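Results of the structural survey
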Amino acid sequence: MSEQNFSLKDRTSGDSYTGTVTANGKARLVEFKFDRLNEPLIMSYEQARDHLLQDAASTTTIPLAEQKLTLNRVALGTIAMNAYLEAIGQSFIYRRQNVQGFMNNTAIELDLKGFLDIDRQIVLMSVLARESTDQPNFHFTEGRFSQSDGQHLLERGSDFTLTFTDRKHATISCDLLGNFILSFF
């Protein structure tokens, strides 16, 4: 078991909450104990991992007996994953990179986020695209890539087409995407 200190800010009240986070590697559970609250927050490894793949500004509401906390999803997931991976003796590998892609022959900003799933040796990745218009539009997709997928993208050398949840498409250089994936291994 591993124990670490943490500090998280409630996005609604602006108050900071400190405490300790403990992970049990065998049970694949992470427990947050808040200094000012009596009730702990317990989440699984899978819940923590899934929080990491969200938009950096997205929040999650944690309903505790004493009050509700609105916390940044990525911050919560990062703290939990650090504790879990330390408990099992692994290192935490999470990367983020902003790159340029193209949608309908127009440059578009792509925010790549990836996390190496130690158990399966795959990169869990999300992409948030932002169209620069008078009223910006956002598009989201996610995927899973192995080391051989990254190598294949480098060998391919052309563009890779991303399909977003709203069925829009964008292209990204295979070299950029392949190098991003391989940076985890």
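Look up: the structure comes first, before these words.
Basis of the calculations
Starting afresh in each chain, residues are numbered from 1 along the sequence in its written order. Given that this is a predicted model, residues contribute local features only at a pLDDT of at least 70 and side-chain atom pairs are listed and counted only at 80 or more, while totals for whole chains, interfaces and linings are drawn from all residues. Hydrogen atoms and water are omitted, and side-chain values are computed over all heavy atoms in the structure. A side-chain nitrogen of Lys or Arg and a carboxyl oxygen of Asp or Glu constitute a salt bridge if their distance falls within 4 Å. Secondary structure elements are taken from DSSP: a helix is a run of H or I of four residues or more, a strand is a run of E of two residues or more, and numbering for both begins at the N terminus. Note on exposure labels: buried denotes an accessible area under 20% of the residue type's maximum, exposed denotes more than 50%, and partly exposed covers the range between, all computed with a 1.4 Å probe on protein chains only. When the centres of two rings from Phe, Tyr and Trp lie within 6.5 Å, Trp using its six-membered ring, the rings pair. Their planes under 30 degrees apart give stacked, over 60 give edge-to-face, and anything left gives tilted. Charge-over-ring contacts are defined here by two conditions on Lys NZ or Arg CZ: a distance within 6 Å of the ring centre and an angle within 35 degrees of the ring normal.

**Re the pattern of salt bridges**
- Inspection of every chain in the model, using the stated rule, returns five salt bridges.
- The partner of Asp 111 in a salt bridge is Arg 96, and the shortest N-O contact between them spans 2.7 Å. In this pair, Asp 111 is assigned in strand β8 (residues 106–117) and Arg 96 in strand β7 (residues 94–103), connecting sequence segments 15 residues apart.
- By relative accessible area, Asp 111 is classed as buried at 5%.

**Describing the packing of aromatic side chains**
- Evaluated as defined, the whole model comprises six aromatic pairs.
- Aromatic side chains Phe 145 and Phe 160 sit 6.4 Å apart centroid to centroid with 70° between the ring planes, which places their arrangement in the edge-to-face category. With a gap of 15 residues between them, Phe 145 in strand β10 (residues 137–145) and Phe 160 in strand β11 (residues 159–163) connect regions that are remote in the sequence. The burial state of Phe 145 is the same as that of Phe 160; both residues are buried.
- When the ring of Phe 180 is compared with that of Phe 184, the centres are 5.4 Å apart and the planes differ by 85°; the resulting orientation is edge-to-face.
- Clustering of aromatic rings is evident, with ring pairs tying together Phe 6, Tyr 17, Phe 32 and Phe 34.
- Seen from the ring of Tyr 17, Arg 36 lies directly overhead, with NZ or CZ sitting 4.3 Å from the centre.
- Over the aromatic face of Phe 184 sits the side chain of Arg 95, whose NZ or CZ is 5.2 Å from the ring centroid.

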